[in-house]
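Notes for the structure review
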Amino acid sequence: MTALFTQIWSFICAIAVFLTSLLAPSGLHKGSENLPLVSTKQLVMIDAFAGGGQGITNDGVYYYTSGSLAAIQLSALAKLDMETGEIIEKKLDVIPAEFKAMDYDHIGDISYAEVDGEKLLYCSLENLDDNADHVVLLFDTDLNYTGRYAYMRGYVITDELGGNLPADQRPDAGQFLCDGLPWCAADDENGKLYCSRYKGADRLYVYDLKTLDFLYELPITGIDQIDRIQGAEVYNGALYLNI
């Protein structure tokens, strides 16, 4: 199926690139006063699928990206040189079979961290059923699945009197992240992993970066709820969200 997909995708991308060259307005890629444009890189055909469209992170030397076609449960990861933009490695169909069998259909946002000397990609995994258990997969920086994953559970919920509910009385994670797990952001300096709901996010969920155990909720203050968060990254102590 992957070979057939490659041919179809290449044909679609070839048409898209041709039309884009005709229709795209000049000056489409611009910087701003505070965020100057540094460079651009055009990816086409299968490279465009693997090299963009979903998540992006970096380790200071390479960019790592995710791409997906959820309709056929196909996700890809790519590794690009930060200086040249050239794709060093790309892998298709990276969702483990055990998760495909449970209707997990695509990888969302990804985030890089080094934990105890191990360089890892934290990859959020989405399911056809928004109320399914939410999963983070761990890949190494050669884009190989490590065989390690975590169900994002363990939320602390208070009862009507303000006390914490016992673990066996808490609802499962699907009732908190009730519209998928679109993103996760690693903060290796502080040993934390952050995520939130996709729509109507009014708090962040914070996990231990090494064990992926739940730590606490962090309310979002000073702004309204945030809708349609696509990705995030931690940089210099600040969390940047893509919406």
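See the structure above.
Anyway, here's the lowdown on the structure attached to this text.

About the cut-offs
Residues numbered from 1 in each chain as written. Predicted model: local features only at pLDDT ≥ 70, side-chain atom pairs only at ≥ 80, totals over all residues. Heavy atoms only, no water. Helix = DSSP H or I, 4+ residues; strand = E, 2+ residues; numbered from the N terminus. Buried < 20%, exposed > 50% of the residue type's maximum accessible area, 1.4 Å probe, protein only. Lys, Arg positive; Asp, Glu negative; His and termini not counted. Salt bridge = Lys/Arg side-chain N within 4 Å of Asp/Glu carboxyl O. Polar contact = N/O pair within 3.5 Å; in protein donor to acceptor, adjacent residues only side chain to side chain. Contact = heavy atoms within 4.5 Å. Pairing = 2+ DSSP bridges. Patch = residues over 30% accessible without salt bridge, like charges linked within 9 Å, V, L, I, M, F, W, Y side chains within 5 Å. Areas by Shrake-Rupley, 256 points an atom, 1.4 Å probe, with all protein chains shown as cover. Axes fitted to C-alpha atoms, helices over the stretch in contact; angles between N-to-C directions.

Structurally, the position occupied by Lys192 is in strand 10 (residues 192–195). Asp187 is the oppositely charged side chain nearest to the buried, salt-bridge-free Lys192, at an N-O distance of 6.6 Å. In this structure the side chain of Lys192 is engaged in a polar contact, spanning 3.3 Å, whose partner is the backbone oxygen of Asn190. With near-sequence residues (within four places) excluded, Lys192 lies in contact with Ala185, Ala186, Asp187, Val206, Tyr207, Leu209, Leu215 and Tyr216.

All right, on to the environment of Leu74 then. Tracing the backbone shows Leu74 in strand 3 (residues 74–81). Assessed through its relative accessible area of 0%, Leu74 is described here as buried. Separated by 18 residues in sequence, Leu74 and Leu92 have C-alpha atoms that sit 7.2 Å apart.

So, on to the pairing of strand 11 (residues 203–208). Sheet analysis places strand 10 next to strand 11, joined by four bridges and oriented antiparallel. Its bridge partner lying in strand 11, Cys195 is registered against Tyr205. In this structure, the hairpin formed by strand 11 and strand 12 (residues 214–219) is closed by a connection of five residues, where Leu212 is found at a positive phi of approximately 65°.

Next up on the list: the pattern of salt bridges. Here the idea is simple: oppositely charged side chains can pair when their charged atoms come close. The full count for this structure, using the stated rule, is six salt bridges. A salt bridge links Asp142 to Lys79; the shortest N-O distance between them is 3.7 Å. Taken as a pair, Asp142 in the loop between strand 7 (135–140) and strand 8 (145–151) and Lys79 in strand 3 lie far apart in primary sequence, 63 residues in all. Judged by its relative accessible area of 45%, Asp142 is partly exposed. The buried category is assigned to Lys79, whose relative accessible area is 10%. A salt bridge links Asp93 to Lys100; its shortest N-O distance comes to 2.3 Å. Look at the salt bridges and you will find they share partners, linking Asp202, Arg203 and Glu217 into a network.

A word on a nonpolar patch on the surface. Together, Leu215, Tyr216 and Leu218 give the surface a local cluster of nonpolar side chains, amounting to about 240 Å² of exposed area. In this fold, Tyr216 is placed in strand 12. In this structure Tyr216 comes out as partly exposed when scored by relative accessible area, which is 35%.

Pairing is antiparallel across the open sheet formed by four strands, whose spatial order is 1-2-3-4. Either end of the sheet is taken by a strand with one partner, and the two such strands are strand 1 (55–58) and strand 4 (87–92). On average, each strand axis in the sheet is tilted by 15° relative to the strand beside it, whichever way the strands run. As judged from the five bridges shared by strand 3 and strand 4, these two strands associate in the antiparallel manner. Residue Leu77 lies in a different strand from strand 4, and its bridge partner there is Lys91.

Strands sit in the order 5-6-7-8 across an open sheet of four strands; the sheet is antiparallel. Bordering the open sheet on either side are strand 5 (104–115) and strand 8, each of which pairs with just one other strand. In this sheet, neighbouring strand axes are inclined to one another by 25° on average, regardless of whether the strands run parallel or antiparallel. Relative to strand 8, strand 7 runs antiparallel, the two sharing five bridges. Counted as the bridge partner of Phe139 is Tyr145 from strand 8.

Everything listed here is a matter of coordinates, which is why it stays silent on function.
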